[in-house]
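# Report on the structure
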Amino acid sequence: PNDNATRGDNTRDNVEQIILNNPVTGNYTLRANHKGTLTGDSQTFSIIMDGHQIAPHAQWDFDQIQNLNVTDKAGSDFDGTLAVSGASSVQGRRGQGLYLDGIQGSMAIPPLNLVNPQITLTAWVKLNRSQDPNVAILHNQSNSLSAGLSIQNGNTLAYQWNAAANDPAILSSLTLPSEQWCFV
């Protein structure tokens, strides 16, 4: 316990650390194995990564809406266009937010051209009343497939991913309160 840490094969405990002093952009593979016999032929373990940063594919803040246009802050040219009616700038959680009236309010963006099947959709949401069933937060419909986050019966957060347009959304266990900012 009094010795300084050294690099090499750790034979004393169950904690391993990998340090990349000068990492370069690219794909890395982390392979976990063992040196003995495993009971039940498997071992549960955790991986914690630090310093790993992925820039967003697209990001919209609503601080600088100009002529119904919202600039993609990620710099990927996925600029949005607000509907002529039903959408307006309001005080948000941080800076300006986007008010959508639930009838005509929307922001259209071009196709994101995602090549990875994994995606994280996030938004700050503040419901100003109990919502009507099936109100979209983030939604995409292409051909006959539908994907996105929505509010369903009783302010329940729901999602669809590559579902048929008429398939029901999958309900979460999260019910959003009215008049309170929530990160979803």
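Report follows, based on the coordinates.

The rules behind these values
- Residues numbered from 1 in each chain as written.
- Predicted model: local features only at pLDDT ≥ 70, side-chain atom pairs only at ≥ 80, totals over all residues.
- Heavy atoms only, no water.
- Helix = DSSP H or I, 4+ residues; strand = E, 2+ residues; numbered from the N terminus.
- Rg over C-alpha atoms; globule rule 2.2 N^0.38 Å.
- Buried < 20%, exposed > 50% of the residue type's maximum accessible area, 1.4 Å probe, protein only.
- Contact = heavy atoms within 4.5 Å.
- Areas by Shrake-Rupley, 256 points an atom, 1.4 Å probe, with all protein chains shown as cover.
- Lys, Arg positive; Asp, Glu negative; His and termini not counted.
- Charge placed at Lys NZ, Arg CZ, Asp CG, Glu CD.
- Pairing = 2+ DSSP bridges.
- Axes fitted to C-alpha atoms, helices over the stretch in contact; angles between N-to-C directions.
- Patch = residues over 30% accessible without salt bridge, like charges linked within 9 Å, V, L, I, M, F, W, Y side chains within 5 Å.
- Salt bridge = Lys/Arg side-chain N within 4 Å of Asp/Glu carboxyl O.
- Core = buried A, V, L, I, M, F, W, Y, C linked by side-chain atoms within 4.5 Å.

Attention shifts here to the overall build of the chain. Each helix and strand counted, the chain has zero helices and 11 strands in total. Expected size for 184 residues packed as a compact globule is a radius of gyration near 16 Å; at 23 Å, the chain overshoots this value by more than 25%. Sorting the 184 residues of the chain into buried and exposed places 17% on the buried side. Looking at the chain alone, contacts between residues at least 24 apart form 35% of all its contacts between residues at least 6 apart. Total accessible area on the chain stands at roughly 15000 Å², and carbon and sulfur atoms take up 48% of it. For the chain, the distance from the average site of its 9 positive side-chain charges to the average site of its 15 negative ones is 6 Å.

The four strands lie next to each other as β7-β8-β9-β10, forming an open sheet whose pairing is antiparallel. Strands at the two margins of the open sheet, each flanked by one partner only, are β7 (135–142) and β10 (170–175). Sheet twist, expressed as the average angle between the axes of neighbouring strands with direction ignored, equals 10°. Where β7 and strand β8 (residues 145–152) come together, seven bridges link them in antiparallel fashion. Pairing of serine 142 across the sheet is with leucine 145, part of β8.

A grouping of Ile18, Leu20, Val24, Tyr28, Leu30, Phe45, Ile47 and Met49 is seen on the molecular surface, where their side chains present a nonpolar patch of about 920 Å² in accessible area. Checked against the element boundaries, valine 24 lands in the segment before β1 (69–70).

Membership of the largest hydrophobic core is limited to nine residues, which are Ala123, Val125, Leu127, Leu149, Ile151, Leu157, Leu176, Cys182 and Val184. With residues near it in sequence (within four places) discarded, leucine 176 still touches Val125, Leu127, Ile151, Asn155, Cys182 and Val184.

In this model, leucine 68 sits at a positive phi of 70°, which is unusual for a non-glycine residue. Take leucine 68: it is sitting in the segment before β1. Positive phi outside glycine occurs at glutamate 179, with the angle close to 60°. Here glutamate 179 is to be found in the loop between β10 and β11 (181–183).

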